[in-house]
Each structure stands twice: as C-alpha cells, then as structure tokens.
Amino acid sequence: SVLKRYRHDHSSCNVLIVDDDPSTRRMLRQMLDRESFELAEAENGLVALDKVARCRPSVILLDLIMPQMDGFEFVAKLRSREEWR
C-alpha cells in the first residue's frame, strides 16, 4: 500500500529494485508483480544508474551494502544530477 502512493502513470517503470542478491531481487519481483507494478532490476549501483538514465522510476528499492557501487554512493550520484533529484 505504501508503494501505491508513489505510482505514476507517466513512468514506464514504477519500481527499480537495486540489490546484488539475486534471490532478494526475485522475491521482491514476485511480490510486486502481483500488484501489477512495472519493474526494473539492477544488480549494483552502476547498473542502476544506467537504468535510471533510460527509465526514471517512481520508487527505488535500494540495498545499501553492495559491491562495485554501494547504495550510499548510488544516492550521491543520483542527487548530483539535477534531472534525477
């Protein structure tokens, strides 16, 4: 019910799941698929930035501890771009 408040019709991907653990991404995908959310997934912050560039999500579910680029660095990069704030 919390995520439904952030659903926007103009977005082609309502939720971006960013997590390095495939089983966690799969579990979240299954839960959100039942609620008919449009989903995108990324296995780390670098991939997530690429996804955000192609499809601006309404909500990002973010693991903070990941290899390559952790969630904290991802948020900093996200905030550094005016159009993504």
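To start, this report covers the structure provided alongside it. (Residues numbered from 1 in each chain as written. Predicted model: local features only at pLDDT ≥ 70, side-chain atom pairs only at ≥ 80, totals over all residues. Heavy atoms only, no water.)

**Some thoughts on the nonpolar core**
Phase 1: Among the nonpolar cores identified, the biggest contains twelve residues, and these are Leu 16, Val 18, Ala 40, Ala 42, Ala 48, Leu 49, Val 52, Met 66, Met 69, Phe 74, Leu 78 and Trp 84.
Phase 2: Those elements giving two or more residues to this core turn out to be β1 (15-18), β2 (39-42), α2 (45-54) and α3 (71-80).
Phase 3: Per element, the largest residue contribution to this core is three residues, and it comes from α2.
Phase 4: Setting aside residues no more than four positions away along its own chain, Trp 84 makes contact with Leu 49, Val 52, Ala 53, Arg 56 and Leu 78.
Phase 5: Membership of the second largest hydrophobic core comes to eight residues, among which are Val 15, Ile 17, Leu 39 and Val 59. (Core = buried A, V, L, I, M, F, W, Y, C linked by side-chain atoms within 4.5 Å. Buried < 20%, exposed > 50% of the residue type's maximum accessible area, 1.4 Å probe, protein only. Helix = DSSP H or I, 4+ residues; strand = E, 2+ residues; numbered from the N terminus. Contact = heavy atoms within 4.5 Å.)

**Quick notes on the pattern of salt bridges**
Two side chains bearing opposite charge may form a pair once their charged atoms approach each other closely.
Phase 1: Enumeration according to the criterion identifies six salt bridges in this entry.
Phase 2: With its nearest N and O atoms 3.0 Å apart, the salt bridge here joins Arg 54 to Asp 50. With Arg 54 and Asp 50 both in helix α2 and four residues apart, the pair spans about one turn of that helix.
Phase 3: For Arg 54, a relative accessible area of 59% gives the class exposed.
Phase 4: In this structure, Arg 81 engages Glu 83 in a salt bridge whose closest nitrogen and oxygen atoms are separated by 2.5 Å.
Phase 5: It is possible to trace a salt-bridge network through shared partners that takes in Arg 25, Arg 29, Asp 33 and Glu 41. (Salt bridge = Lys/Arg side-chain N within 4 Å of Asp/Glu carboxyl O.)

**What to know about the side chain of Asp 63**
Phase 1: Turning to its location among the elements, Asp 63 is positioned in the loop between β3 (59-62) and α3.
Phase 2: Of the side chains bearing the opposite charge, Arg 25 lies closest to the buried Asp 63, which forms no salt bridge; the N-O distance is 8.3 Å.
Phase 3: A distance of 3.2 Å separates a polar side-chain atom of Asp 63 from the backbone nitrogen of Ile 65.
Phase 4: Beyond its immediate stretch of four places on either side in the chain, Asp 63 contacts Val 18, Asp 19, Asp 20 and Gly 71. (Lys, Arg positive; Asp, Glu negative; His and termini not counted. Polar contact = N/O pair within 3.5 Å; in protein donor to acceptor, adjacent residues only side chain to side chain.)

**Quick word on the pairing of β1**
Phase 1: Here β1 shows no split at all, with Val 15 and Ile 17 on one side and Leu 16 and Val 18 on the other all buried.
Phase 2: Viewed along the sheet, the connection from β1 through helix α1 (residues 22-34) into β2 turns out right-handed.
Phase 3: In the sheet, β1 pairs with β3 via four bridges, with the strands oriented parallel. What sits directly across from Val 18, in β3, is Leu 62. (Right-handed = clockwise from strand over helix to strand, strands pointing away. Pairing = 2+ DSSP bridges.)

**A closer look at unusual backbone geometry**
Phase 1: Even without glycine at this site, Ser 36 takes up a positive phi of about 65°.
Phase 2: Looking at where Ser 36 falls in the secondary structure, it is placed in the loop between α1 and β2.
Phase 3: With phi around 70°, Gln 68 is a residue other than glycine that occupies positive phi space.
Phase 4: Relative to the assigned elements, Gln 68 resides in the loop between β3 and α3.

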